[in-house]
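So the chains spell out like this:
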Number of protein chains: 12
Amino acid sequence: MVAVKSPLNDEALKIAGDALQGSLVDLIDLSLLAKQAHWNLTGRNFKVVHEHLDEIVALARSGQDDVAERAVAIGVNPDGRARTVADRTSLSQLEAGYLADDKVVAALTEVLAQIIARFRERITATDEADPVSQDLLISIAAQLEKQHWMFQAQV
Amino acid sequence: MVAVKSPLNDEALKIAGDALQGSLVDLIDLSLLAKQAHWNLTGRNFKVVHEHLDEIVALARSGQDDVAERAVAIGVNPDGRARTVADRTSLSQLEAGYLADDKVVAALTEVLAQIIARFRERITATDEADPVSQDLLISIAAQLEKQHWMFQAQV
Amino acid sequence: MVAVKSPLNDEALKIAGDALQGSLVDLIDLSLLAKQAHWNLTGRNFKVVHEHLDEIVALARSGQDDVAERAVAIGVNPDGRARTVADRTSLSQLEAGYLADDKVVAALTEVLAQIIARFRERITATDEADPVSQDLLISIAAQLEKQHWMFQAQV
Amino acid sequence: MVAVKSPLNDEALKIAGDALQGSLVDLIDLSLLAKQAHWNLTGRNFKVVHEHLDEIVALARSGQDDVAERAVAIGVNPDGRARTVADRTSLSQLEAGYLADDKVVAALTEVLAQIIARFRERITATDEADPVSQDLLISIAAQLEKQHWMFQAQV
Amino acid sequence: MVAVKSPLNDEALKIAGDALQGSLVDLIDLSLLAKQAHWNLTGRNFKVVHEHLDEIVALARSGQDDVAERAVAIGVNPDGRARTVADRTSLSQLEAGYLADDKVVAALTEVLAQIIARFRERITATDEADPVSQDLLISIAAQLEKQHWMFQAQV
Amino acid sequence: MVAVKSPLNDEALKIAGDALQGSLVDLIDLSLLAKQAHWNLTGRNFKVVHEHLDEIVALARSGQDDVAERAVAIGVNPDGRARTVADRTSLSQLEAGYLADDKVVAALTEVLAQIIARFRERITATDEADPVSQDLLISIAAQLEKQHWMFQAQV
Amino acid sequence: MVAVKSPLNDEALKIAGDALQGSLVDLIDLSLLAKQAHWNLTGRNFKVVHEHLDEIVALARSGQDDVAERAVAIGVNPDGRARTVADRTSLSQLEAGYLADDKVVAALTEVLAQIIARFRERITATDEADPVSQDLLISIAAQLEKQHWMFQAQV
Amino acid sequence: MVAVKSPLNDEALKIAGDALQGSLVDLIDLSLLAKQAHWNLTGRNFKVVHEHLDEIVALARSGQDDVAERAVAIGVNPDGRARTVADRTSLSQLEAGYLADDKVVAALTEVLAQIIARFRERITATDEADPVSQDLLISIAAQLEKQHWMFQAQV
Amino acid sequence: MVAVKSPLNDEALKIAGDALQGSLVDLIDLSLLAKQAHWNLTGRNFKVVHEHLDEIVALARSGQDDVAERAVAIGVNPDGRARTVADRTSLSQLEAGYLADDKVVAALTEVLAQIIARFRERITATDEADPVSQDLLISIAAQLEKQHWMFQAQV
Amino acid sequence: MVAVKSPLNDEALKIAGDALQGSLVDLIDLSLLAKQAHWNLTGRNFKVVHEHLDEIVALARSGQDDVAERAVAIGVNPDGRARTVADRTSLSQLEAGYLADDKVVAALTEVLAQIIARFRERITATDEADPVSQDLLISIAAQLEKQHWMFQAQV
Amino acid sequence: MVAVKSPLNDEALKIAGDALQGSLVDLIDLSLLAKQAHWNLTGRNFKVVHEHLDEIVALARSGQDDVAERAVAIGVNPDGRARTVADRTSLSQLEAGYLADDKVVAALTEVLAQIIARFRERITATDEADPVSQDLLISIAAQLEKQHWMFQAQV
Amino acid sequence: MVAVKSPLNDEALKIAGDALQGSLVDLIDLSLLAKQAHWNLTGRNFKVVHEHLDEIVALARSGQDDVAERAVAIGVNPDGRARTVADRTSLSQLEAGYLADDKVVAALTEVLAQIIARFRERITATDEADPVSQDLLISIAAQLEKQHWMFQAQV
């Protein structure tokens, strides 16, 4: 089986590959976590938050695909299997069972802030290594920061 | 926090709830597994299989949402968190790294067969307990069996 | 004037016809009741509940058409006239005048629970008599139970 | 619970409110009556009249929403409950059971003529009281008169 | 060449396979017959019946595809070749040449009644054997019975 | 440069022109004010009010274009420059910085009431002068009064 | 053959009927004239004016249909035959052969002004006779005056 | 003003130009005549024939544009003015006033037959002179003959 | 029952009618044959060929309708009944059961070549008899030859 | 009321906030100025420039929303009120009254050049401070420079 | 590698192949030339001509694909490589650098006339050889002649 | 004729201009080369590769337009004429005649790698000179690298 030939040198490849794989785990877990809240939500703001969470799912899913395909395009195999995500994620996890709307809003605000902090580091890290990957990370960060504001504004 | 009041009695609720939660884990892991193959695929049939896998992802994602919302609608909390999926899934897992197209086709054929066998059991189990949940499981099974045929036909 | 020739025998026809006519009255009154609340609503959650009620109206209207056309397709004349609905409905009615959002949410939760209980009985009743009508009742029940959960979750 | 503050003085409000509430009852009963005919129709022109009746339903339903929301916008609570419609409607009612196409065409022609006569009076009545409500009544009357012509042309 | 591995045991497979193959022949011949009438129609109701027949064609064509793909999905080869259809169909056939609209309406009413009777038997037969195939047959029967009413109503 | 030749006499032109120019300033400032609130909003109802405000912006922007193009069509130059709007607007202004959702709802209710009062006067004023301009003002007033009700209902 | 029963008395019918028939001739000839210019145009602004003329055609055609159907809806037979239009039109006619763009712009400005003057009279005439017809004439006049401005602005 | 330089020699231009100008008059008058019938129609088949006539209008209008633009593209000025159409048309004209549906069907059948006969001659005439114009005339003839069949089939 | 009056003389009618009826049988059998292969296909290229075959079905079905409606438009009754197609088709038939992808590609290449040869003859035959029918046959031949190339290219 | 917690440090926040607030004023005034010209335009190129100006309005409005939401997402309150825009804008202002097309083209070319110069400075300024905001400013600058070329090309 | 088997004999193949290959070179160069003008255009009519040129590009690109796929469908390999186009094109070439709008209009008029002359010859040449290819060339010629008129009209 | 005034200084202009012109030649030749392969392709994967190549064409064409319009927006005349492309391209060229699918996949992989290497250099070169042009080059490089991976994966 052929390996995809990378347009990057080894060092740049390592930096960009790590940034993309880390982003992949963040975004897959974000999508699972937002769906968990979407399903188990309760409270007076149920309908609005229920629908808002699906915007997060959509963002996280399209972001997943973009970072994973970017990884393989530069010659790094993305790993988005259930076990990998469960073991490597560093997002604060939700409890099982019903979730009150105000707690979900607070939890999403926190989780988005965690991911954003790591995206900011990855943007800095890839500046030299691969401006094409950096540009993708910037565009996802812009969306995450917009959603972070929207959740924070309703805390 | 209020629990959703179930239209089912306790026994029926247990049966239907187990069937739906089991389906949820199957379908989430199916979506992750199909994306993993979608990204790491190689081989002469790359383009076709790459796109075919996204049909599986779409089916698995819409199925997830339907079974999870059906669970909460009858008063059972669905659990689709990364840790839960990783620990409870019984699907054959993919290796990390590049995946040859013929192996992916064989793996999907096998994985779909595993899920279908469990859906068949759940359809039988829910016949008495909850015909509404059963009808949902039947409609998802129909799609899974159609995809199973399509992958099997190209082995 | 010709009567539509039924594919069912007389007993099955009676059972299925009663189930469908009963569902028709439930669904027409549900649509009128949800519109009444849609128009006279007040409260902080006005916008969300106002729009959510139109989803109920849409569900109830498409359900009406399906059960009524199913009735005539098996040779039973559906009756959805204003007088019939007013006289035969067993749904809890709304007061005239402004309606507070939390009371509307509670009222809809209650009304949906009433209709769902009757649909469950009709699904059991038609199992032998007419599986085609039963399948229609199951699909409407699935939507009603989903909406019931959504209203209940925000109580 | 707050009452909506009206942009109209009391006398104008009474006139416009009566015109809108009367129109609401007319239009709800028109929609129920057209659906009743839509379902129970027979005759050589079944297909065309069956579909034509749904244009009446669509017109009546969008008109209902507009007059009811206009009523509440000027501070009058619309009442579109089943009992209210059944008790206050002055439309000629349909028989139960199958309805021959030519009788339905004649019945609709008659019913539309009745409603149009009342809309003409309401348009005159609201000229001074509320030109905004009048403009809405004029636009609905235009559609009713167009449909009246179309049914009359096929008598 | 691989045979598709069936999720059903041999007996169930035989029952479901026969039901689906029989349905396939019915639906292909229905589509050919409706097109024949669509083209050779005459009479005052030409335009309406001409277009109505294309709804039958659309229903029959999408039904064909669904039953044939369901057959192969459970491991049975569907046979929809011209010779097979001509030899096995049991539908009343149309004369060559111009066809008057009232005769076509009567013929379609009759043909649909024949097919519906067989679908009702197949629904009963597959109840135990394969609820997934049964669900498909129920959904097609619902459409056929709706069309049967519509043609019968205009006789 | 040619002046557009007016279909109105001088007196009518003065009346209609003033009504349209006044409406233009109201609607431009309404769009700026609603955007200001859209961006700086906070509170539990953030998401709903944030999106509701964009409906106001859309209404105000399409209204602006209609009144300005109506003005020039009758031979009066509309003036919608920043300085003109800032100097001539009589709408209650918002504070800089974050804006709580309940205060925004109250502010919009008030601002819409102010504009509606002026539109009512302009509708009266243009009745004789220019029924074409009046009809435009009526249609915008209908939308403003609908929004006024919706904001007032959630105070 | 039945005559459509008018909702208007004889005098009002005469006034409204004349206004609508006059408008019909104006709008049919406007559409023919604009197409004539659309086809035979020359000059540096060919492309823009060529496309602009089709906006006039679209406006004139939808206006024709509206006034003619309004006429028959009130019981007056519209007459839009070629001979009628040719004999009764009072629009300034175009020469045969190529037409320079600046002359076309001037001609359209003039023709629109002629039609607008008559629409203004018809709006006044129908105010008492039939406010529903008047409202239609106002809405067409608004579009004609907008186009008149646009052509005049480029003279 | 420049004349468009023709790709044809003088003789061919004369033949093709005459064929196109003749077709233009036929198609404009067909559109006016079909609209006249569309508006003044009565009878049991009103709705179907009313809508069918608008298919003729659409066909005639798009045909007009194509033949006129083809004429000018080869350097011949099309003439579609009201006076020209009224004077040169050879179509059988409709009476003023109400038109019964069966008479309209017969009239359209006749009028289409007249136009088709002339298109057949023009197709023969342009075979040598201009195959590009011929191809356009063939495609319009195909549509006219299809409509001719449809009207004839319902006589 | 009226026969459709042909725009062709008897000899031309015979030639064009035979060409169209022959094409109808070819195209109906092509659609049945392509569906048979679509359902029973196996092999590594299953997915691509499976979907490609539906392009053939779509082409054959729209072609059927066009040639059959063209036949009746010139006064010849098309015959597309199952028995007629089975008896008169001259296409090479497929075996029952699974069909390997490379054999299907070869079979389609062969079948398309057979049909194309007959269309070429019909195009020549109708040149004098009916250029309108010829133009339709040319446009279908163009599509068949394009598909023939595409299948041949992958042999 | 909570302040949105910024992902930036204070210095970076100051730089990015100033860049975004400055851009907001530029873009709001650009939208008002382009609308002013859109409405008051005259000259032979009226239609083209009139429509071109609405492309500027669309660009400026979507840019406004993006920069203002970006500002609040990083914790800075955007200020887009009428008074703020009027006082802080540095764009060359338009005269009241009719505006000739060539002068408008020149004015827009000049105004766009002014804004572009400031965007270039802001892009440089935010390079270190906030690459996410910088990326937004770059994408808006790209559109502004494209429009600048298009206006300049027609001077 | 297999050659595509031609439905034409050798002589016909040579004639049709040459016609199609010649058309391919013409249409590729036309698309490149129109884009060159699209980008480098200046002058008062910049916006209109800039957009008009993209209609030429679209026409030329879809024409390219059609003639090239037609060539390979009859067994001739099309050659559309950069070197082939540059060496074989006989279109008048544009200068590098800015291009004034009136010169571009004149140049396009000239270039289209050149291509049309060759298409006319190819239409004649293929009449016997391949009526299917001829029909394609006629349809492209019709579009080219329409555009030729439009450019010529604005010279 | 006016030159477009650049927002860049001379040195930056030279760097950005060269990068954009070089990209233009690469992308035009890529589009011609991919079309050449699209047309002359053979082999078992014909259908998939044939369609995949059109994705390359679409990417290359939209990229062409963007880089050329970016060039002129900064004041540099793009040159995309056939002769320029043929003389300056450095892409490996395809042979004339049929092209086997595996060779085309290898050729595209190679050609994309060549272009990507040059885009990487241009991205570095424009970092200081013009971040707006750089951002465009990055976005095109991202798409080229994604396609490069997809072709390489199927080698």
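Residues numbered from 1 in each chain as written. Chains lettered and ligands numbered in written order. Predicted model: local features only at pLDDT ≥ 70, side-chain atom pairs only at ≥ 80, totals over all residues. Heavy atoms only, no water.

1. Examining the overall build of chain A
And then number 1: When you go through chain A residue by residue, the secondary structure sums to 5 helices and 2 strands.
And then number 2: Secondary structure elements in chain A, listed N-terminal to C-terminal, are α-β-α-α-β-α-α.
And then number 3: The C-alpha atoms of chain A give 16 Å as radius of gyration, which agrees with the globular expectation for 155 residues (15 Å, within 12%).
And then number 4: Overall, the C-alpha framework of chain A stretches about 55 × 30 × 20 Å when taken along its three principal axes.
And then number 5: A fraction of 82% describes how many contacts in chain A between residues 6 or more apart in sequence connect residues 24 or more apart.
And then number 6: Computed over 15 positive and 23 negative side-chain charges, the separation of the two mean positions in chain A equals 4 Å. (Helix = DSSP H or I, 4+ residues; strand = E, 2+ residues; numbered from the N terminus. Rg over C-alpha atoms; globule rule 2.2 N^0.38 Å. Contact = heavy atoms within 4.5 Å. Lys, Arg positive; Asp, Glu negative; His and termini not counted. Charge placed at Lys NZ, Arg CZ, Asp CG, Glu CD.)

2. Observations regarding the packing of aromatic side chains
And then number 1: Taken as a whole, this structure holds 12 aromatic pairs over all chains when the rule is applied.
And then number 2: Summarising the aromatic geometry, the rings of F46(A) and W149(C) are spaced 5.7 Å apart at their centres and angled 75 degrees between planes, so their arrangement reads as edge-to-face. With F46(A) in helix α2 (residues 46-73) and W149(C) in helix α5 (residues 131-153), the pair connects residues from two separate chains.
And then number 3: The exposure class assigned to F46(A) is buried, which follows from its relative accessible area of 0%.
And then number 4: On the accessibility criterion, W149(C) (0% relative accessible area) is buried. (Phe/Tyr/Trp six-rings, centres within 6.5 Å; stacked < 30°, edge-to-face > 60°. Buried < 20%, exposed > 50% of the residue type's maximum accessible area, 1.4 Å probe, protein only.)

3. Looking at the interface of chain F and chain J
Accessible area lost on assembly of the parts is the figure often given for the size of an interface.
And then number 1: Taken together, the contact between chain F and chain J spans 39 residues of the former and 39 residues of the latter.
And then number 2: Summed over both partners, the interface of chain F with chain J buries about 3,400 Å², with 53% contributed by carbon and sulfur atoms.
And then number 3: Across the salt bridge formed by K35(J) and D65(F), the nearest N and O atoms sit 2.6 Å from each other.
And then number 4: The tally of links between chain F and chain J comes to 20 residue pairs in polar contact (both at pLDDT 80 or more).
And then number 5: The dominant element in the side of chain F that touches chain J, judged by the number of residues it contributes, is helix α1 (residues 10-40) of chain F, at 9 residues. (Buried area = accessible area lost by both parts, 1.4 Å probe. Salt bridge = Lys/Arg side-chain N within 4 Å of Asp/Glu carboxyl O. Polar contact = N/O pair within 3.5 Å; in protein donor to acceptor, adjacent residues only side chain to side chain.)

4. Some words on the relation of the copies chain I and chain E
And then number 1: For the match of chain I to chain E, the screw axis carries a shift of 0.0 Å, the RMSD comes to 0.0 Å, and the turn is 180 degrees. Read as a symmetry element, the transformation amounts to a two-fold axis.
And then number 2: Comparing interface residues between copies, 100% of those in chain I also sit at the interface in chain E, which points to an isologous, same-surface contact. (Least-squares fit on C-alpha atoms with pLDDT ≥ 70 in both.)

5. A few points about the pattern of salt bridges
And then number 1: Inspection of every chain in the model, using the stated rule, returns 192 salt bridges over all chains.
And then number 2: Here R120(E) and E145(E) are joined by a salt bridge, their closest N and O atoms 2.9 Å apart. In this pair, R120(E) sits in helix α4 (residues 101-129) while E145(E) sits in helix α5 (residues 131-153), placing the two residues 25 residues apart along the sequence.
And then number 3: For E145(E), a relative accessible area of 1% translates into the label buried.
And then number 4: Here the salt bridges do not stand alone but share partners, grouping R70(A), D130(A), R120(L) and E145(L) into one network.

6. Focus: the interface of chain I and chain E
And then number 1: Each partner contributes residues to the interface: chain I has 39 residues there, and chain E has 39 residues.
And then number 2: Note on chain I versus chain E: buried area summed over both sides is about 3,400 Å², and carbon and sulfur give 53% of it.
And then number 3: Seen at the junction of chain I and chain E, the total is 20 residue pairs in polar contact (both at pLDDT 80 or more).
And then number 4: At the level of elements, α1 (10-40), α2 (46-73), α3 (82-88) and β2 (99-100) of chain I are the ones that each hand at least two residues to the side of chain I that touches chain E.
And then number 5: Considering each element in turn, the side of chain I that touches chain E owes the most residues, 9 residues, to α1(I).
And then number 6: Residues belonging to the side of chain I that touches chain E are distributed by class as follows: 19 nonpolar, 10 polar and 10 charged. (Nonpolar A, V, L, I, M, F, W, Y, C, P; charged D, E, K, R; others polar.)

7. Things to note about helix α5 (residues 131-153) of chain A
And then number 1: Over its 23 residues, α5(A) runs 32 Å from end to end, which matches the ideal 33 Å to within 8%, given 1.5 Å per residue.
And then number 2: Most of α5(A) sits out of view: 19 of its 23 residues are buried. (Expected span 1.5 Å × (residues − 1).)

8. Regarding the packing of helix α2 (residues 46-73) of chain E against helix α2 (residues 46-73) of chain H
And then number 1: Axis separation between α2(E) and α2(H) bottoms out at 9 Å; the angle between their running directions is 75 degrees. Taken together, the axis directions place α2(E) and α2(H) in an arrangement best described as roughly perpendicular. Judged by residue contacts, K47(E), V48(E) and E51(E) of α2(E) engage V48(H), H52(H) and E55(H) from α2(H).
And then number 2: Along the lines of polarity and charge, the residues of the contact of α2(E) with α2(H) split into 2 nonpolar, 1 polar and 3 charged. (Axes fitted to C-alpha atoms, helices over the stretch in contact; angles between N-to-C directions. Parallel < 35°, antiparallel > 145°, perpendicular 65-115°, else oblique.)

9. Here we look at the relation of the copies chain F and chain J
And then number 1: Of the two same-sequence chains, chain F is brought onto chain J (RMSD 0.0 Å, axial shift 0.0 Å) by a rotation of 180 degrees.
And then number 2: Looking at chain F, 100% of its interface residues are interface residues in chain J too, so the copies touch through the same face.

10. Examining the environment of D127(D)
All names here are of chain D.
And then number 1: If you trace the backbone, D127 turns up in helix α4 (residues 101-129).
And then number 2: Note on D127: relative accessible area 43%, which makes it partly exposed.
And then number 3: A C-alpha to C-alpha distance of 42 Å links D127 and Y98, two positions 29 residues apart in sequence.
And then number 4: A polar side-chain atom of D127 sits 3.3 Å from a polar atom in the side chain of Q134.

11. Some thoughts on the nonpolar core
And then number 1: Ranked by internal contacts, the top residues of the largest apolar core, which has 117 residues, are L30(C), L108(C), L144(C), L30(D), L108(D) and L144(D).
And then number 2: Setting aside anything within four residues of it in sequence, one finds L30(C) in contact with I56(C), A60(C), L91(C), L108(C), V111(C), L112(C), I115(C) and L144(C). (Core = buried A, V, L, I, M, F, W, Y, C linked by side-chain atoms within 4.5 Å.)

12. Observations concerning the side chain of H38(K)
And then number 1: As for its position among the elements, H38(K) is in helix α1 (residues 10-40).
And then number 2: When residues no more than four places from it in sequence are discounted, the contact partners of H38(K) are H50(K), L53(K), D54(K), D65(L) and E69(L).

13. Some points on helix α1 (residues 10-40) of chain H
Residues spaced three or four apart along an α-helix point in a common direction, a consequence of the helix completing one turn every 3.6 residues.
All names here are of chain H.
And then number 1: With 31 residues, α1 extends 45 Å between its outermost C-alpha atoms, agreeing within 8% with the 45 Å of an ideal straight helix rising 1.5 Å per residue.
And then number 2: Along α1, 25 of the 31 residues are buried, which leaves the element largely enclosed by surrounding structure.
And then number 3: Of the residues that open α1, the one with a side-chain oxygen 3.3 Å from the backbone nitrogen of E11 is N9.

14. Some details on the environment of V111(D)
Residue and element names in this part refer to chain D.
And then number 1: Following the sequence through the fold, V111 ends up in helix α4.
And then number 2: In the structure, V111 is positioned 81 residues away from L30 in sequence and 8.0 Å away in space, judged by C-alpha atoms.
And then number 3: Ignoring sequence-local partners within four residues, the contact set of V111 consists of L30, L33, L91 and S92.

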